[in-house]
Amino acid sequence: MDNRYNRHNRRKYNLKVDIVLVTKYRKQLLKDSIADDVKQKIFDIANAYGYEIIAIETDKDHIHFLLSYDTTDKVCDIVKIVKQETTYYLRHKYGSLLSKQYWKKKIFWSDGYFACSIGEVSSATIQKYIENQG
């Protein structure tokens with residue numbers, strides 16, 4: 001049996017996407033405990049929604065994560081969920097710090113995002129790239 005592909009009902013697939021989210025105004029907030037909390041929250045979201053995080057790294061103003069997902073999911077919906085839930089979580093945990101950085105309450109991430117499907121490139125190659133970029 002080929003372990004490279006996921007199977008569900010009559011579907012056989014292997015979908016992976018590299019997603020990059022940038023903090024609003026490129027503020028360098030993804031440091032120390034905030035970076036760790038964002039990573040953990042993304043792992044929690046992935047577990048709740050049935051995604052698999054293959055690699056995840058932060059830099060001061062952005063986060064890269066390589067994610068495996070189902071054929072029924074859309075990348076734009078995944079990004080929306082991650083942005084909404086991490087922003088809500090960070091606002092509750094670091095409200096006083098973030099209110100000094102952003103005057104709007106529901107802001108943490110910039111409006112856009114970068115997403116790139118990896119096709120048949122090995123996950124190890126992408127993981128190595130993410131680690132070198134972070």
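If you're wondering where the values come from, they're calculated on a predicted model, not measured in any experiment.

Moving on, we get to the overall build of the chain. Tallying secondary structure elements over the chain gives four helices and six strands in all. The helix and strand sequence of the chain, counted from the amino end, reads β-β-β-α-β-β-α-α-β-α. Residues counted as buried form 40% of the 134 residues belonging to the chain. Taking as baseline every contact in the chain between residues at least 6 positions apart, the subset at least 24 positions apart corresponds to 71%.

Take the packing of aromatic side chains next. This structure, assessed with the given rule, holds four aromatic pairs. Taking 6.4 Å as the distance between ring centres and 75° as the angle between the ring planes, the aromatic pair formed by Tyr102 and Phe108 counts as edge-to-face. There is no split in this pair, since Tyr102 and Phe108 are both buried. Plain terms: the ring middles of Phe108 and Trp109 are 4.9 Å apart, the flat faces sit at 90° to each other, and that makes the pair edge-to-face. With relative accessibility at 1%, the residue Phe108 sits in the buried group. Among the aromatic residues, ring-to-ring pairing joins Tyr25, Tyr102, Phe108 and Trp109 into one connected group.

The next thing to look at is the layout of surface pockets. Here the largest pocket defines a volume of roughly 170 Å³. Along the lines of polarity and charge, the residues of the lining of the largest pocket split into three nonpolar, three polar and five charged.

Quick look at the nonpolar core now. In this structure, Ile63, Phe65 and Phe108 are the most contacted members of the largest nonpolar core, which totals 29 residues. Elements with a minimum of two residues in this core: strand E3 (15-22), helix H1 (32-49), strand E4 (52-58), strand E5 (62-69) and helix H2 (75-93). In terms of residues, this core owes the most to one element, H2, which gives six residues.

As a further point, take H2. The end-to-end C-alpha distance of H2, which contains 19 residues, comes to 27 Å, matching closely the 27 Å that a straight helix rising 1.5 Å per residue would cover. Buried residues of H2: Val75, Ile78, Val79, Ile81, Val82, Lys83, Thr86, Thr87, Leu90 and Arg91, and no others. Here the buried face of H2 lies against E3, H1, E5, helix H3 (95-101) and strand E6 (114-117).

By secondary structure assignment, the location of Ile53 is in strand E4. You can call Ile53 buried: its relative accessible area is 12%. The contact partners of Ile53, leaving out residues within four places of it in the chain, are Ile42, Phe43, Ala46, Phe65, Leu66 and Leu67.

This part covers the pattern of salt bridges. Counting across every chain of the model gives four salt bridges. The closest approach of N and O atoms between Asp111 and Lys24, which form a salt bridge, is 3.6 Å. In this pair, Asp111 is assigned in the loop between H3 and E6 and Lys24 in the loop between E3 and H1, connecting sequence segments 87 residues apart. Of the residues examined, Asp111 reaches a relative accessible area of 69% and is grouped as exposed. Its relative accessible area of 15% is what places Lys24 among the buried residues.

The rules behind each value
- Residues numbered from 1 in each chain as written.
- Predicted model: local features only at pLDDT ≥ 70, side-chain atom pairs only at ≥ 80, totals over all residues.
- Heavy atoms only, no water.
- Helix = DSSP H or I, 4+ residues; strand = E, 2+ residues; numbered from the N terminus.
- Buried < 20%, exposed > 50% of the residue type's maximum accessible area, 1.4 Å probe, protein only.
- Contact = heavy atoms within 4.5 Å.
- Phe/Tyr/Trp six-rings, centres within 6.5 Å; stacked < 30°, edge-to-face > 60°.
- 1 Å grid on protein atoms, 1.4 Å probe; cavity = no way out; pocket = protein on both sides within 12 Å on 5 of 7 lines; lining within 4 Å.
- Points joined across faces, edges and corners; volume = space filled by probe spheres on them.
- Nonpolar A, V, L, I, M, F, W, Y, C, P; charged D, E, K, R; others polar.
- Core = buried A, V, L, I, M, F, W, Y, C linked by side-chain atoms within 4.5 Å.
- Expected span 1.5 Å × (residues − 1).
- Salt bridge = Lys/Arg side-chain N within 4 Å of Asp/Glu carboxyl O.

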